[in-house]
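Spelled out from the first residue to the last, the chains are:
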Amino acid sequence: MSAVGTLTPETARPSDGLLRRIGTVFYRRPVLALIALLLPTLLWIGVIYLGSLSALLVQSFFYLDGFSGRVIREFTLRTYGELLLQQNIDIFVRTIGMAAAVTFVSGLLAFPLAYYMARFASERMRALLYLGVMVPLWSSYLVRIYAWKLILAQEGIVVWLANLLGLQGALDWLLALPGIGGPSLSFSYIGVFVVFVYIWMPYMILPIHAALERVPRSVIEASADLGGRPGYTFRRVILPLAFPGVVAGSIFTFSLTLGDYIIPGVFGNSSYFIGQAVFVQQGTAGNIPLAAALTVVPVVVMGVYLLFARRLGAFDAI
Amino acid sequence: MNGVPAVRLAQVSRHFGAVKAVDAVSLDVADGEFFSMLGPSGSGKTTCLRLIAGFERPTTGQILLHGRDVSATPPYDRDVNTVFQDYALFPHMTVGENIAYGLMIRKVPKREREQRVGEMLTLVRLPDIEGRKPAQLSGGQRQRVALARALINRPSLLLLDEPLGALDLKLRQQMQVELKTIQKQVGITFIFVTHDQEEALTMSDRIAVFNLGRIEQVGTPADVYERPTTAFVAGFVGTSNMLAPSAARPIAGHDAPLSIRPEKIRIVDADAPIPPDCQGAVGVVRDVMYLGMYTRYLVTLDTDRTVDLAVVQQNLDTSSADVQRVKGQRVGLIWRRDDARILRTDLDRSGVP
């Protein structure tokens, strides 16, 4: 070993390598560290995600020439005009109505469970319920949908159970309802609705549970202490404090329902939802501009929905 | 005490599984009293408060408020309000809405509500913050808002769960005086939970000292301090010299444990006579600590060299150098017979703290 090496033993340390030097640079200039950390994400969001989104937006201002079947790359609002055709308006009403119904019922069903998990369940019970909510998310979406196809089929367990309980009449009456009925549960909007609620339920339970867990027990006790009966406490204290969670959950269920094209395809009749219409336009019809314009609709709807939620004070507590 | 007590606990227990958080506690609190529950954490004082508020239900026993059995009454039907340790203000409401909450529930008309909120804000000396949210307030301000929110309902009983615990020393001392003043002004019974013995001594009419789910002693601050009945009370409220029976025998001539407060002992010459109403001992000064206002001596007794008596003397005309000179000298210690308190042993489950 050279004399210099023995005089400055620090240079001989194995850790004094490239990594350490990079570490020192980042320590001296935290901005560089920040850039290094954020760059991959920014590239992903900025180029791939926002880039394709704007490509989509641009496409929606082109139009398809009906005779040649070619996309004419000229700026026009013609495609948006097509959205206003009655058949398309029907699709929007159908999809948004379904999304609203699914969101509302999911919230109604999710809240009590989330409340129980957050406030009363023992540690063990909470873990079990958590698993129960999460495990379905780990298995294939398609498998679960086709499982429901069997459950709701004419020969399935629901019909069998209804027959057993003598509820055949009720089931027939339900399926005979105009608009939402159909030949069987597995070919009706009732079926679509049931499966949507099932599939998106975890996305409603988890944010509500997270919000309820942050409500301190003492605040609920304080309301009771000041004379608030359970119902009053729920309306004036628990619900307002859990509201951001409800809104977060509803954003999931609402937007996921708006965009889904598989469940209505498997369970619905020949009337399209937005997702199906997009799928058909960009595929068999080859009408990319119309598919793009149709895709813009859920984006706009969600924008309006968020503005409305903000007006209700959903984000005040965040 | 006369008339029906504001609160009566009759053999109240609250068990959580195998843990006896409150163990057969009986207690009367008189109307208009400032009553403190003092004890270390886990002694059952907060559970006791929660039982009175109705957040917990007793496993056995009865709770009476003004003679009425409320053991099965939910909190919203009890004429009791609470100031919570973490204040528990509603974060989504303004200060004004927080304070008016109880009046809203009782459907008090808007004008009266506003007037009473104004009165309360004056009482707790917080004008002009009605429109703010709790997050915008300091700890001391939140504490006052919590107090106003509870008092506006004019409850017959106010429960305070360590409300000053989160405040710094100066603010705490100021709030101690204010709380006491407010209590006199509104004339409501206060039950105050604290682990701070000085706070309890300063503010209370009476104190209950809790240990391991039971009350060890109830009395005025002077009772509890001057005449502790158990080793736990003597050790938790202030500091004390605790003499085991073997150490007490040559000094007091009996076989019972003794407690003697350090400031009750006087240092005299080793051969000084012991007056008839006094007791005394002789020992060697082992250590001297000069503490400014007073000096603390540790004296090893001749009769039992394993025992050091702590003695505290006010520094009337001594200097820090003077007091050190006593170190290593043989001295006499005397105290009044009344100040050597015989401790009960039947309650003594925890030993000397």
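Residues numbered from 1 in each chain as written. Chains lettered and ligands numbered in written order. Predicted model: local features only at pLDDT ≥ 70, side-chain atom pairs only at ≥ 80, totals over all residues. Heavy atoms only, no water.

Draft legend 1. Summary view of the overall build of chain A. When helices and strands are tallied, chain A shows 15 helices and 2 strands. Taken against the 2.2 N^0.38 rule, which gives 20 Å for 318 residues, the C-alpha radius of gyration of chain A at 27 Å runs more than 25% over that of a compact globule. Principal axes of the C-alpha set define a box for chain A whose edges measure 100 × 70 × 40 Å. Residues counted as buried form 38% of the 318 residues belonging to chain A. Of the contacts made within chain A by residues no fewer than 6 positions apart, 66% connect residues no fewer than 24 positions apart. Taken as a whole, chain A presents about 18600 Å² of accessible surface, with 70% of it coming from carbon and sulfur. When the 21 positive and 14 negative side-chain charges of chain A are each reduced to one mean point, those points stand 8 Å apart. (Helix = DSSP H or I, 4+ residues; strand = E, 2+ residues; numbered from the N terminus. Rg over C-alpha atoms; globule rule 2.2 N^0.38 Å. Buried < 20%, exposed > 50% of the residue type's maximum accessible area, 1.4 Å probe, protein only. Contact = heavy atoms within 4.5 Å. Areas by Shrake-Rupley, 256 points an atom, 1.4 Å probe, with all protein chains shown as cover. Lys, Arg positive; Asp, Glu negative; His and termini not counted. Charge placed at Lys NZ, Arg CZ, Asp CG, Glu CD.)

Draft legend 2. Just the nonpolar core, in detail. The biggest cluster of nonpolar side chains holds 81 residues, and the ones touching the most others in it are Leu212(A), Phe267(A), Val7(B), Leu9(B), Met37(B), Ile52(B) and Ile191(B). Per-element tally for this core: the top contributor is helix H10 (residues 189-213) of chain A, with 15 residues. Other than its neighbours up to four places away in sequence, Ile191(B) contacts Val7(B), Val29(B), Phe35(B), Met37(B), Leu49(B), Ile52(B), Leu157(B), Leu158(B), Leu159(B) and Leu160(B). Judged by nonpolar contacts, the second largest core, of 35 residues, contains Met120(B), Leu137(B), Leu160(B) and Leu167(B). (Core = buried A, V, L, I, M, F, W, Y, C linked by side-chain atoms within 4.5 Å.)

Draft legend 3. Just the domain arrangement of chain B, in detail. Residue and element names in this part refer to chain B. What the domain assignment reports for chain B is domain 1 (7-236) and domain 2 (241-342). Taken over C-alpha atoms, the centre of domain 1 sits 40 Å from the centre of domain 2. With 10 residues of domain 1 at the contact, the number on the domain 2 side is 7 residues. Carbon and sulfur atoms supply 44% of the area that domain 1 and domain 2 bury against each other, a total of about 690 Å² over both sides. Counting the surface domain 1 buries against domain 2, the share from its top three residues, Tyr225, Glu226 and Ala234, is 60%. Linking Glu226 and Lys264 is a salt bridge whose minimum nitrogen-to-oxygen distance equals 2.7 Å. Counting across the interface, domain 1 meets domain 2 through 4 residue pairs in polar contact (both at pLDDT 80 or more). At 4 residues, the largest contribution of residues to the side of domain 1 that touches domain 2 is made by helix H8 (residues 231-236). Partitioned by chemical class, the residues of the side of domain 1 that touches domain 2 number 6 nonpolar, 2 polar and 2 charged. (Domains from an automatic or database assignment. Buried area = accessible area lost by both parts, 1.4 Å probe. Salt bridge = Lys/Arg side-chain N within 4 Å of Asp/Glu carboxyl O. Polar contact = N/O pair within 3.5 Å; in protein donor to acceptor, adjacent residues only side chain to side chain. Nonpolar A, V, L, I, M, F, W, Y, C, P; charged D, E, K, R; others polar.)

Draft legend 4. Geometry of the pattern of salt bridges. The final tally for this structure, using the stated rule, is 23 salt bridges over all chains. Bridged by salt links that share partners, the residues Glu221(A), Arg14(B), Arg50(B) and Glu56(B) form one connected network.

Draft legend 5. Region of interest: helix H1 (residues 45-53) of chain B. Residue and element names in this part refer to chain B. The buried fraction of H1 is high, at 7 of 9 residues. Looking at H1, one finds that the buried residues are Lys45, Thr47, Cys48, Leu49, Leu51, Ile52 and Ala53. Just beyond H1, the residue with positive phi is Gly54, at close to 105°.

Draft legend 6. Local environment of the sheet that holds strand E4 (residues 60-65) of chain B. All names here are of chain B. The antiparallel open sheet is built from 4 strands, whose spatial order is E2-E1-E4-E5. In this open sheet, the two strands that pair with only one neighbour each are strand E2 (19-29) and strand E5 (68-69). By the bridge criterion, 7 bridges tie strand E1 (residues 7-16) to E2 in an arrangement that is antiparallel. Each residue of the ladder has a partner; that of His15, found in E2, is Lys20. Lying over the sheet, H1 contacts E1, E2 and E4, oriented at roughly 115° with respect to E1. (Pairing = 2+ DSSP bridges. Axes fitted to C-alpha atoms, helices over the stretch in contact; angles between N-to-C directions.)

Draft legend 7. Representation of the packing of aromatic side chains. Applying the stated criterion across every chain, the model contains 19 aromatic pairs over all chains. Note on Phe61(A) and Tyr80(A): the rings are 5.2 Å apart at their centroids and 45° apart in plane angle, and the pair reads as tilted. In this pair, Phe61(A) is assigned in the loop between helix H3 (30-59) and strand E1 (63-64) and Tyr80(A) in helix H4 (residues 78-83), connecting sequence segments 19 residues apart. With a relative accessible area of 22%, Phe61(A) lands in the partly exposed category. Arranged with centres 5.4 Å apart and planes meeting at 10°, the rings of Phe232(B) and Phe236(B) form a pair that is stacked. (Phe/Tyr/Trp six-rings, centres within 6.5 Å; stacked < 30°, edge-to-face > 60°.)

Draft legend 8. Summary view of the pairing of strand E16 (residues 308-314) of chain B. All names here are of chain B. Burial analysis of E16 places 5 of its 7 residues in the buried class, the great majority of the element. Of the strand pairs in this sheet, strand E15 (residues 294-301) and E16 are connected by 7 bridges, and their pairing is antiparallel. From the neighbouring strand, Tyr294 faces E16, where its bridge partner is Gln314. Counting the residues in the hairpin turn of E15 and E16 gives 6 residues.

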